[in-house]
Every structure is written in C-alpha cells, then in structure tokens.
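# Chains, contacts and geometry: an overview
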There are 2 protein chains.
Amino acid sequence: MSERFKAPRGFRDFPPEVMILRRSVMSKVVSVFERYGFDPLDTPVLEYWETLAGKYGEEAEGKLIWRFTDSWSGREYALRYDLTVPLARFIASRRDIPLPFKRYHIGPVWRHEEPQRGRYREFYQCDADIVGSPYPEADAEILNLTVDLLRELGFSNFKVRVNDRRLLSGVFEEELGIGNPLPVYRVIDKLDKIGLEGVRGGLLKLGLGDQIVERILSIAELRGPIESLEPICSRYSLNQRVREACTHLGKTFNLLDRPEYIYFDMSLVRGLDYYTGPILEAVLDKPSVGSVAGGGRYDNLIGLFTGTQVPATGVSLGIERIIDAGLELGILNIDKKTVTEVQVIVLDWSLLEYAWSITRKLREAGLKVRIDLARSSEEAQRRKARRLNIPILAFIGRTELETSTLTIYNTITSERTTVKLEDASETIKKMLKTIPN
Amino acid sequence: MSERFKAPRGFRDFPPEVMILRRSVMSKVVSVFERYGFDPLDTPVLEYWETLAGKYGEEAEGKLIWRFTDSWSGREYALRYDLTVPLARFIASRRDIPLPFKRYHIGPVWRHEEPQRGRYREFYQCDADIVGSPYPEADAEILNLTVDLLRELGFSNFKVRVNDRRLLSGVFEEELGIGNPLPVYRVIDKLDKIGLEGVRGGLLKLGLGDQIVERILSIAELRGPIESLEPICSRYSLNQRVREACTHLGKTFNLLDRPEYIYFDMSLVRGLDYYTGPILEAVLDKPSVGSVAGGGRYDNLIGLFTGTQVPATGVSLGIERIIDAGLELGILNIDKKTVTEVQVIVLDWSLLEYAWSITRKLREAGLKVRIDLARSSEEAQRRKARRLNIPILAFIGRTELETSTLTIYNTITSERTTVKLEDASETIKKMLKTIPN
C-alpha cells in the first residue's frame, strides 16, 4: 500500500473543514480586491519553460521551478512559479487591453522546495496588480489595499514595511561607490532574522572595511514611521536615484488611508530580481511566520516580453501563512465541518419517499439539507449529524406525516419545536440567523 | 518573439470578461451542490503516477495523461486526469471519515489531447460524489442533482440518459453468451453519433452473425421514458444481474423529483472502465456539444486503494461545454467586462487627494470603485469607463468640492443627479439595484 494512499510529498489534500475555512478567507480577499476595482484573471497552470526563463534569478530557475520535458513533443514545460510572470506574458499577448489594467488572481503556484512545517510544494497566492501606471497613485493604492486586506481578515497588529529599490541603489552607490551592491543587499535583507551582529559579520565576510560596514549598518538601521524617510532624502539629495525615489515615495505616502500601518525600512530589499521602485512587505507582530504579503513596482518585467516598457506594481498575499497565523491567533478556526444546515432524521424508513419529498421542499426554499443515504438507525443519524456539527435536525416520523408537521431541533440552543410543514423553512431560517457562522 | 507571448497550445488565459462569466456559472453550481449538502474538497494538481496507473484504461494511460519524470528525484508524477481517482485516494488515506461522505470538487484537469474547437488540454470539471452508500437513494440524489444543476443554469431542453452496467452485461451475457462484451459496448455506445446503420456495420465488422447483430440492435434501440425499463426487465428476469439492476434502477426512479428529464437508454455505455452500476449522461437537445454531464456508480474503484469495497456514485459536470452551449443559446453572455460599479471621474487633477478621500468613502460603503491612476483627461477617463461598461460615473470637480456634493451619472438611463456627499453611496446603491446584472 504505502504511498499509494498519499498525496505527493509537499502537496496537500484539503478536507471539507479546511476548504470551508479557505473559501471563507478567499472570499473576503476577493471582496476587498473587487472593492478596489480589480477584476479576476486566470492563466494556465503550465507555461512553456522559455516564458519563465530569465525572470526570477538563479536559485528559482536552477532548482525551485518544477520543469519537465513532454515526452511526446519534446517541449519543455514548467508549472507556474508565481502569478506575476504569467500576467506579464498575458499583457504582452493582448496589446488591445486598455491600460491601466487592474487584475487579481487567486490560484496555486509550485516550488520544488524541501517540504517543511509551513512550507509546501503547492500553495496558493492571492495577487493584485496594476499594469500601465508609472504614478505613485498606483503604489499608494497597492499599499492601502494591503492594509485593508489584513484588517478585513481580522488582523490588527501588523506593519507594512516599505522601501524603494532606487533609494537602495542610490544610497549604496554613494556609500560604496560600486555598481553591483547585490551581495550587500542580500546581507542587510536578513537584518530582522539574524540581527545587527549577524549583519555586521556578514558584511565583514564580504571583505568590506570596518568603517564602510559601520556606515552600511547605520543606513540599514534607518527605519520607523513614514517620517523616517525625510533625513535620508536630505542627506543624499544630490543623488539622482535617491531624488526620484524620495519624490515618488513622498507622493505615495501622501495618499495613504492608514499611514499608521506603514513603516519606512531601509533594510527591506526583497529577493526577486524584477523590482525597480517601491517595494513592500507585510509582517505580523506575532506569530512570527515571516512576511504575509510582499510586492512592489516592476517597470521592466513586461518589457522583457513586449520590447517596450510597461510600468506595473502589485502585491501578493501569502494566504497559507495568513491562515496558519489566523488559526494560531484564534482569528480563524476550523470548527465548521460541513456547509449542511439541516439534517433530516428519518424515524421510520418505510416513510423514505415522504421524507424525500420534504427534503426537496426544504432545498427548494434554499436551505442546505442532507437526508441519510445509508438507511441508518435514528441514533446513528443523530450521531453523524453531531459529528459534523450540523446545527438543525428535522425529524420525520409517522406523527409528522399524519399531522403534516415537522419537528425541528436546534442543536445549539436545544430548543425543540413542532411546526406546520408550510412554516418549516421559515422557522429554520430564523433559527439559523441566531447561530454564529 | 513568437511563442513567448502565448499560453501553451491547448491552454487558455481567461481575461476578466470570461472570468466574470465563469465565476458566476460556478457559483451557481456551488449553490446547488451545497443545497444537497455536498461539502468542498480539494486535492493536489499532481499525483504520483502510480496513483493513476491502472484506473482509466489503455487510451488514457498510454496517451492522454500528462506524465513526467521529476529530474531531481527520478519520481514519476502526473497531472490529474479527473477528480474521481484523487477522491478515491483521499478516501483511502482518511479511513476515519464518516460515511456516507458527500463532496464536491471544482477544478482543472489535464488531458494530452490534440487541441481543437471546444477541446482543451486544461479544462475544469465540477464533480459531486457520494461515497459509502450502496443504495438507490444515493443514485437518485445524483440524478436529481444533475437535473437541478442544468435547470439552475438556465437550460430547459435536455435529457439525462440512464442505463446500468449490470443490465448491459446481463443482457449481453444472455444474448451473446460471452464473458467480454466490451467490443460490442464500444460499438453501440456510438449509436447517437453514427446512427443505426453505422452500428450495424460496426457489429458485423466484429465478426458477429446477422441474427445476433439484429438482436443486439433491437436491444440497443430500447430507449425512452423511464417506463421503458419495464419490458427489458420482464424479458430477462431470470438473469441475476438484470434482476439486480432492475430492482436498483426501479427504486432509483421512484425517488426522482423530475422524472420527465430522465430517459432510460440501453445504448448508453460510457467509456470509463470503473463503472459498476447505474450510469448517466446528460445531453442538450441543442446545440449538439456532446454530453454536458456524465457519471455513475463505481463500487470497486476505492477498493483498488483500500483493499475493501467502498461503494460510490457521482456526477461530473462538463462546465466548458455548458458555457459554450449557454453562450450559443443566449442563456449566458460575456457583456460584463469589469466588476467595477463606479468610476470616479476627476475633473481637476489638483484635487487628487480630495477625490482619493471620496473614493475611499465609497469603497468603505461596500461599493466597487475605480479612480483613474494615469492622470488622464476627463474625456479619456470617460472613454475608458465606457469601454468597460462601468454603470455609474461619479464626477469630482471644484464645484463638488466647494458644495460637498457628488455628481452622479447613470450610464444606463442617462440620468444625472447631484447629491450631498453623505447621501452619495445610498443613491448609487439604489441606482445599481435597477441595473440588470
């Protein structure tokens, strides 16, 4: 038997109680996306390998992308690695789409990682992107959206860290006088994980002198409320890239709906190669699950497909971590095991056809109803309903048949009532309204 | 450039207008599934190859399954071919799940077909299955569900063809005296496509004698309203398998909510190997898109994983064909290009921050609102809103700022009204209620 029973390693089955939770979380996410006027888009699970090649950097492309050769055609395919590159390919294929184009996309992506707690090979992303606007308004909308998403999901203690790739490169150009500050970025990006001493060690290991290391550390430590942007802008105001970043971020910050959630943070780098302007990352105060959203501006990615620059900015919500954190904080729960609202309990199986017709009537009234399909005893029917936490039981026996009534039992309040058939669905709906979801 | 722009052959991007339609269709499907007390389940896109092997028959496994070797681990994986075998594997992995277990699953499956009009390599299925009930009640619920689904989606001229695998094998055992009637099945399965003469030719080609061929034809032609089951049950009442099928189908038919949609049809076979009892297939009177739903009882499939028999029955809705047919019949349309309800039109960009705050207020009231992110002229803002059929325009200029008002334009009725800011969202919501979806 062994693995014949199992989903592949790093992949998960989602049983009903988990799916009910996931659907409720995702429907909240959709409602926020749509309030901002984002429209749904879907792209294939597979892309040609050449569509993904050259977009993500070495580690992703050499190891993390699920890539395979189709043995019939000899073509190389890949499971999509994120939802951003497929968006760029889509935009390139439909040059007639009016810009700015605002889309959301909720769907699984695949990474060939070593599975571990909280890290899967198949997981969902929830992305919203604005294509075609180079303006701070677009970045501000993405920041406001990110804050609204987390609040709507019930989180209150979080911050959204913000930086700008141009600020990073301008400042390090001035400080280091080198063109490729990538190795330095990689070290300071870990500030939150490894602390100041860790970063100091990492920078020294790069072969940098003590003085430069201290200057870099003092820059990386610049973080705090959005006003913290000001001093760095003044200090490096002669640098063209810094000026661009400061103007852009300043205008973005002016349009924040809830600036109290936004933190300027010079140690924020973000791994992906394609970012060009403002970048963002949301983190919860606790539990420490890493970032729960990330994104930024990527003005050159779509141009890799089209040949001309098409500016874009967006955010990706880490829905798996959000669910894990929400469960840990008690904001979310998996108590709901079925969507079923009413279990019809058949007291006498010779009445099956009658019970069946009542079940149909309740369903036609819009209720979610089960009737036992295994001819179980009354006790077994009740036991199964209890196991699934079905809130309402509707009993059908000879008395109910003869008096055209239904005996309704509210399992939450233990209230029992016998009502005329024609009032049954209304009575049940009233009961359901008093039951917390 | 060439294929760098394209989704892989046989795969599709779904732009917003198509996604809006698909989401609306699928949400109707979900509401019917849930009314019957089916709960959501999701399984991975990939399965180990050995999970799928030996379940579907030769053509599927030799050619149609997307199968590949992971070059890191050397393991063979496959993209799921349907949603039924993953369900069977899931059941086998969770022996603690209370039975009967009712789940629905909506998701893509992959087939390595030659793409052609209406046939894709990636397409969605919508499945509902009942695991753990051997009784006709379960099959009746599947039939009633199928009828309700199609009616809920707006179809009225369709029939659900029903047969039983035991009836087929019993009758052909009697008539042919052979143990393996599969080649005969395959020919009569095509009756609807190739007509009586085609079937006659196909049977003769199998080497069968004239007399036997005529007898088979007269059996395959037995179809019509559910009462048509009766004569065949009487004629072959001595055969054990026929008796089982007739009892089972008879009880199933007794529980039909709308028997007028159900047709007994001795020529219905269905391709997949795993069916063991009642089988069904829904077809529209027009357009002729082939079957739009199919399913049946498969009492032995789960046992291939568990070693013990677990009865099951279900239906799979062919959502892609249903959408194609619905569009052709005018039941469905792709007129809705955005979810956005309100476009804020900024008449003076120096008022951006004010317009931004109004936009936020409308969103907080639950409206789906866009504000231009490209600093376009009034004319360009209106043109873009028109292209997307956004129903409401909300104008913000100096007058509106000074008088704390909003000028609202209903693009459907051409009604224009200026309202106090605090009444704006209520006014818009009332307007939206009068606009067809």
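What counts and what doesn't
Residues numbered from 1 in each chain as written. Chains lettered and ligands numbered in written order. Predicted model: local features only at pLDDT ≥ 70, side-chain atom pairs only at ≥ 80, totals over all residues. Heavy atoms only, no water. Contact = heavy atoms within 4.5 Å. Buried area = accessible area lost by both parts, 1.4 Å probe. Salt bridge = Lys/Arg side-chain N within 4 Å of Asp/Glu carboxyl O. Polar contact = N/O pair within 3.5 Å; in protein donor to acceptor, adjacent residues only side chain to side chain. Helix = DSSP H or I, 4+ residues; strand = E, 2+ residues; numbered from the N terminus. Nonpolar A, V, L, I, M, F, W, Y, C, P; charged D, E, K, R; others polar. Domains from an automatic or database assignment. Buried < 20%, exposed > 50% of the residue type's maximum accessible area, 1.4 Å probe, protein only. Pairing = 2+ DSSP bridges. Axes fitted to C-alpha atoms, helices over the stretch in contact; angles between N-to-C directions. Parallel < 35°, antiparallel > 145°, perpendicular 65-115°, else oblique. Left-handed = near helix turned anticlockwise from the far one by under 90°. Phe/Tyr/Trp six-rings, centres within 6.5 Å; stacked < 30°, edge-to-face > 60°. Lys NZ or Arg CZ within 6 Å of the ring centre and 35° of its normal. Expected span 1.5 Å × (residues − 1). Least-squares fit on C-alpha atoms with pLDDT ≥ 70 in both. Disulfide = S-S within 2.5 Å. Lys, Arg positive; Asp, Glu negative; His and termini not counted.

This part takes up the interface of chain A and chain B. Facing 99 residues of chain A, the contacting portion of chain B comprises 99 residues. A combined buried area of about 9,000 Å² lies between chain A and chain B, and 56% of that area is made up of carbon and sulfur atoms. Here chain A is connected to chain B by 14 salt bridges. With a closest N to O distance of 2.8 Å, Asp 13 of chain B and Arg 89 of chain A form a salt bridge. At the boundary of chain A with chain B, the tally comes to 39 residue pairs in polar contact (both at pLDDT 80 or more). Sort the elements by how many residues they give to the side of chain A that touches chain B and helix H1 (residues 16-35) of chain A lands first, with 7 residues. Tallied by class, the residues present in the side of chain A that touches chain B amount to 50 nonpolar, 14 polar and 35 charged.

Turning our eyes to something else, we now look at the domain arrangement of chain A. Here chain A is partitioned into domain 1 (2-329) and domain 2 (342-433). Put simply, the middle of domain 1 of chain A and the middle of domain 2 of chain A, counted by C-alpha atoms, are 50 Å apart.

Right, let's get into the pattern of salt bridges. Taken as a whole, this structure holds 72 salt bridges over all chains when the rule is applied. A salt bridge links Glu 320 of chain B to Arg 12 of chain B, with the nearest nitrogen and oxygen atoms 3.0 Å apart. Of this pair, Glu 320 of chain B sits in helix H13 (residues 319-329) while Arg 12 of chain B sits in the segment before helix H1 (16-35), and the two are 308 residues apart along the sequence. On the accessibility criterion, Glu 320 of chain B (8% relative accessible area) is buried. Given a relative accessible area of 17%, Arg 12 of chain B falls into the buried group. Connected through salt bridges with shared partners, the residues Arg 161, Asp 192, Arg 223, Asp 265, Arg 270 and Glu 281 of chain A form a single ionic network.

Residue and element names in this part refer to chain A. Taken in spatial order, the 9 strands line up as S1-S5-S6-S12-S11-S10-S7-S9-S8 in an open sheet, and their pairing is mixed. Pairing within the sheet leaves two strands with one partner each, and these edge strands are strand S1 (39-40) and strand S8 (223-225). Examined bridge by bridge, strand S7 (residues 158-164) and strand S10 (residues 278-284) share 7 bridges and lie antiparallel to one another. Bridging across to S10, Val 162 finds its partner in Leu 280.

Residue and element names in this part refer to chain A. At a minimum axis separation of 11 Å, helix H6 (residues 165-176) and helix H9 (residues 210-220) run at an interaxial angle of 160 degrees. Classified by the interaxial angle, the pair formed by H6 and H9 is roughly antiparallel. In this structure, the crossing between H6 and H9 has a hand that is right-handed. Side by side, H6 and H9 meet where Val 171, Phe 172, Glu 175 and Leu 176 of the first sit next to Ile 212, Arg 215, Ile 216 and Ile 219 of the second.

Here we come to the packing of aromatic side chains. The tally for this structure, following the rule as stated, stands at 25 aromatic pairs over all chains. With a centroid separation of 5.9 Å and an interplanar angle of 65 degrees, the aromatic rings of Phe 172 of chain B and Tyr 185 of chain B are classed as edge-to-face. Taken together, the residues span a long stretch of sequence, with Phe 172 of chain B in helix H6 (residues 165-176) and Tyr 185 of chain B in helix H7 (residues 182-188) at a distance of 13 residues. The pair formed by Phe 172 of chain B and Tyr 185 of chain B is uniform in burial state, with each residue classed as buried. Grouping aromatic residues by their ring pairs yields a cluster made of Phe 11, Tyr 48, Trp 66, Phe 68 and Tyr 77 of chain A together with Phe 11, Tyr 48, Trp 66, Phe 68 and Tyr 77 of chain B. The side chain of Arg 111 of chain B reaches across the aromatic face of Tyr 81 of chain B, ending 3.9 Å from its centre.

Our focus in this paragraph is the sheet that holds strand S12 (residues 312-317) of chain B. Residue and element names in this part refer to chain B. In space, the 9 strands of this open sheet follow the order S1-S5-S6-S12-S11-S10-S7-S9-S8, with mixed pairing throughout. Only two strands of the sheet have a single neighbouring strand rather than two, namely strand S1 (39-40) and strand S8 (223-225). Summarising the sheet, S8 and strand S9 (residues 262-265) pair through 3 bridges and their orientation is antiparallel. Across the sheet, residue Pro 225 finds its bridge partner in S9, namely Tyr 263.

Turning our eyes to something else, we now look at helix H11 (residues 240-254) of chain B. Residues and elements named next belong to chain B. Between its first and last C-alpha atoms H11 spans 21 Å; for 15 residues at 1.5 Å apiece the expected length is 21 Å, and the two agree. Every buried residue of H11 is listed here: Val 242, Ala 245, Cys 246, His 248, Leu 249, Thr 252 and Phe 253. Where H11 begins, the side chain of Asn 239 points an oxygen toward the backbone nitrogen of Arg 241, at a separation of 2.9 Å.

We now examine the environment of Ala 355 of chain A. Residue position: Ala 355 of chain A is located in helix H14 (residues 352-364). Every residue in contact with Ala 355 of chain A, bar those within four places of it in the chain, is listed here: Val 346, Ile 371 and Ile 396 of chain A.

Bringing the relation of the copies chain A and chain B into the picture now. Expressed as a screw transformation, the operator carrying chain A onto chain B has a rotation angle of 180 degrees and an axial translation of 0.0 Å, and the superposed copies differ by an RMSD of 0.1 Å. Viewed as a symmetry operation, the transformation between the two copies matches a two-fold axis. Rotation axis and chain A: the residue whose C-alpha lies nearest the axis is Phe 68 of chain A, separated from it by 3.3 Å. Mapped onto chain B, 100% of the interface residues of chain A again fall at the interface, so both copies present the same surface.

Turning our attention to the state of the cysteines. Residue and element names in this part refer to chain A. Across all of its chains, the model carries 2 disulfides over all chains by this definition. Covalent S-S linkage joins Cys 233 and Cys 246, the inter-sulfur distance amounting to 1.9 Å. With the S-S dihedral at roughly -90 degrees, the linkage between Cys 233 and Cys 246 falls on the left-handed side. Taken together, the residues Cys 233 in helix H10 (residues 229-235) and Cys 246 in helix H11 (residues 240-254) connect sequence positions 13 residues apart. Residue classification places Cys 233 among the buried positions, given a relative accessible area of 11%. Since its relative accessible area comes to 13%, Cys 246 is described here as buried.

Attention now goes to the pairing of strand S12 (residues 312-317) of chain A. All names here are of chain A. Across the 6 residues of S12, 6 count as buried, placing the element largely inside the fold. Direction of pairing for strand S6 (residues 122-131) relative to S12: antiparallel, over a ladder of 6 bridges. The partner of Asp 127 across the bridge, within S12, is Ser 316. Where strand S11 (residues 291-297) lies against S12, 5 bridges are found, and the strand directions are antiparallel.

For the rest of this paragraph, the subject is the side chain of Asp 42 of chain A. Note on placement: Asp 42 of chain A falls in the loop between S1 and strand S2 (46-48). Comment: no salt bridge for buried Asp 42 of chain A; closest opposite-charge side chain is Arg 80 of chain A, at 4.0 Å. Here the side chain of Asp 42 of chain A touches Tyr 124 of chain B through a polar contact of 3.4 Å, side chain to side chain.

All names here are of chain A. Tracing the chain through its elements places Asp 192 in helix H8 (residues 191-205). We classify Asp 192 as partly exposed; its relative accessible area is 46%. Along the chain, Asp 192 and Ser 267 lie 75 residues apart, while their C-alpha atoms are 8.4 Å from each other. Residues contacting Asp 192, with those up to four places away along its chain left out, are Arg 161 and Arg 223. A polar side-chain atom of Asp 192 sits 3.4 Å from a polar atom in the side chain of Arg 161. Within the local environment of Asp 192, its side chain forms a polar contact with the side chain of Arg 223, the two groups lying 3.0 Å apart.

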